[in-house]
Amino acid sequence: MTRTATAALSLAGLVLAGGLAAQVPAPPKPKPRPPGPTEPSQRCTFQVDNVDRQGSVIETPAGTNYFAGGNVRLSCRGQRISMQSDSVAAYAGNVVQFIGNVKYRDSTLTMDADFGTYYKVGERWEARGRVATHNLTSGSSLTGPSLDYFREVKGVRDTLEMYAVSRPKIRYFAEDSTVAKEAEPYIIVADRVRFKGSDRLWAGGKVTIDRSDFAARGDSLRLDTGKGSDGTLIGGEPILRGLGPDSFQLSGRRIDMGLERRELKRLVAKGAGHAVNRDWDLVADTIVLDLKQRKLEQTLAWGKQTRPVASSPQYAMRADSLALDTPGQKLRQVRGFGAAWLGGDIDSVTKDRDWMKGDTLVAQFAARDSAGSTRSVLSRIEARRGAQSYHLDRNAKAPRRPSINYARGNVIVVTMRAPPADGVERVDIRGKVDGVQLEASADSTATPADTVRRKKASR
């Protein structure tokens, strides 16, 4: 009798026990079964496809145990599911252990590991030691030391689930597997991760998300790239950064993410929101960032506990709500609604500043070259409804007491001088207009003479 035939006979008990399939074929070198669609998932009934060495059978009070070694290959009868390892141990037909160079394949994913255990109750697969998976639908993958895999089984669960601990690393593609070779994945690392289906993920414990244009940190992550197309980052002062030449940063007590085809389209910081880029620094209760082609397109902010305030080295602006337009991630316009106020740079001598306010205020910016880079500079300001303006003019006669111009009207429009010139070029006031111009006079009070010293000198 040949070695292959002996192995097949020795494993006959294994195949017959615990619902395993009988009539074991033992072809010397069966061709690998390619992954493909299956009929509705069902419980696995094992059949032995190959064993290079003879197996053994041990009877116990709990049932019959079977052991085999040498390129052991099993499959689930009538399904596109196969398992392979150096050795196999089956206990009472309920638990099957795979030892050394373990490979699991089904129509959904591939999985390699050092050690694997299949539990018939619950249809659960445990992989341990150098685990590596590849999702055949999305192209995403996971590597780590531990993974529990619960496949979809009719009457048991309607969606596959996976659990991984000990900081697994996930390569999560933003597109499906047809373009995964060209796309750049998000790299997600956490203390523990849970998957449900191919498009829902939960991660907890020092979560990090990285890509060449994007980085995020937090304690917990929820991500739905399917019908929900959204996600949430919370805990540990979550923070999200857009990387590159025109970088930005967003933080808050919670950051919600809106997705479109798995790409970030909207970010919402709720509670102590704080957003920063090279042109401005913004704080508010709630801050919303809209993205287009991975660039910041518009920013919205509002709040009562923390009223929106946007500031830069050249200006500061506050209102009940703010909107910052940044097409192509270049600042073009800032709009304030509700008791809006805009102030210029603080004068180093007087510690005062120019300002404008109104119910609505619109500040426009123009791109200017500066030191080899393009910067956004203030070009025009318009205040509407109850508009007021306060402007300081330097006074050569009294440098510490500049001239003050205060005006009111329905609408006030201030046009700034074009760089390299500085300051205001023109002020237009419309509607019911009034105001005042205050000029500081020369210092007319002479220093009192030292009369005591004069009397002593005359004695």
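That block above? That's the structure.
Cut-offs used in this document
Residues numbered from 1 in each chain as written. Predicted model: local features only at pLDDT ≥ 70, side-chain atom pairs only at ≥ 80, totals over all residues. Heavy atoms only, no water. Helix = DSSP H or I, 4+ residues; strand = E, 2+ residues; numbered from the N terminus. Buried < 20%, exposed > 50% of the residue type's maximum accessible area, 1.4 Å probe, protein only. Pairing = 2+ DSSP bridges. Salt bridge = Lys/Arg side-chain N within 4 Å of Asp/Glu carboxyl O. Core = buried A, V, L, I, M, F, W, Y, C linked by side-chain atoms within 4.5 Å. Contact = heavy atoms within 4.5 Å. Phe/Tyr/Trp six-rings, centres within 6.5 Å; stacked < 30°, edge-to-face > 60°.

Turning our attention to unusual backbone geometry. The phi dihedral of Arg130 falls on the positive side, at around 50 degrees, and the residue is not glycine. Its location among the elements puts Arg130 in strand β7 (residues 124-135). Using a relative accessible area of 68% as the deciding quantity, one classes Arg130 as exposed. In this structure, Arg167 is a non-glycine residue whose phi angle is positive, near 55 degrees.

What follows is about the pairing of strand β10 (residues 169-172). Burial along β10 is one-sided: the residues Ile170 and Tyr172 are buried and none of Lys169 and Arg171 is. With three bridges joining them, strand β8 (residues 141-150) and β10 adopt antiparallel strand pairing. Residue Thr143 lies in a different strand from β10, and its bridge partner there is Lys169. The sheet contact formed by β10 and strand β11 (residues 186-189) spans four bridges and is antiparallel. Looking across to β11, one finds that Lys169 is bridged to Val189.

Before going further, it helps to examine the pattern of salt bridges. For the coordinates displayed, the defined rule picks out 26 salt bridges. One salt bridge connects Asp434 with Arg408, and the closest N-O pair in it is separated by 2.6 Å. Taken as a pair, Asp434 in strand β30 (residues 434-438) and Arg408 in strand β28 (residues 403-416) lie far apart in primary sequence, 26 residues in all. Through salt bridges that share partners, Arg124, Glu126, Arg128 and Asp148 make up one connected network.

Membership of the largest hydrophobic core comes to 82 residues, with the highest contact counts inside it found for Phe98 and Trp125. Here the element with the most residues in this core is strand β20 (residues 281-292); it accounts for five residues. Residue contacts for Phe98: discarding those within four places in its chain leaves Phe46, Leu74, Met83, Ser85, Ser87, Val88, Asp114, Phe115, Gly116, Tyr118 and Trp125. Within the second largest apolar cluster, five residues are counted, among which are Ala316, Trp355, Tyr390 and Leu392.

Okay, the packing of aromatic side chains next. What the rule picks out here adds up to 10 aromatic pairs. On the numbers, 5.6 Å between centres and 70 degrees between planes, the contact of Tyr104 with Tyr149 is edge-to-face. Taken together, the residues span a long stretch of sequence, with Tyr104 in strand β5 (residues 95-105) and Tyr149 in strand β8 at a distance of 45 residues. The residues Tyr104 and Tyr149 share a single accessibility class, namely buried. Both rings, one in Trp355 and one in Tyr390, keep their centres 5.4 Å apart while their planes meet at 10 degrees; by these two values the pair is stacked. A residue pair is termed long-range when its members are at least 10 positions apart, and Trp355 in strand β26 (residues 355-370) and Tyr390 in strand β27 (residues 373-393) qualify at 35 residues. Neither residue differs from the other here; Trp355 and Tyr390 are each classed as buried.

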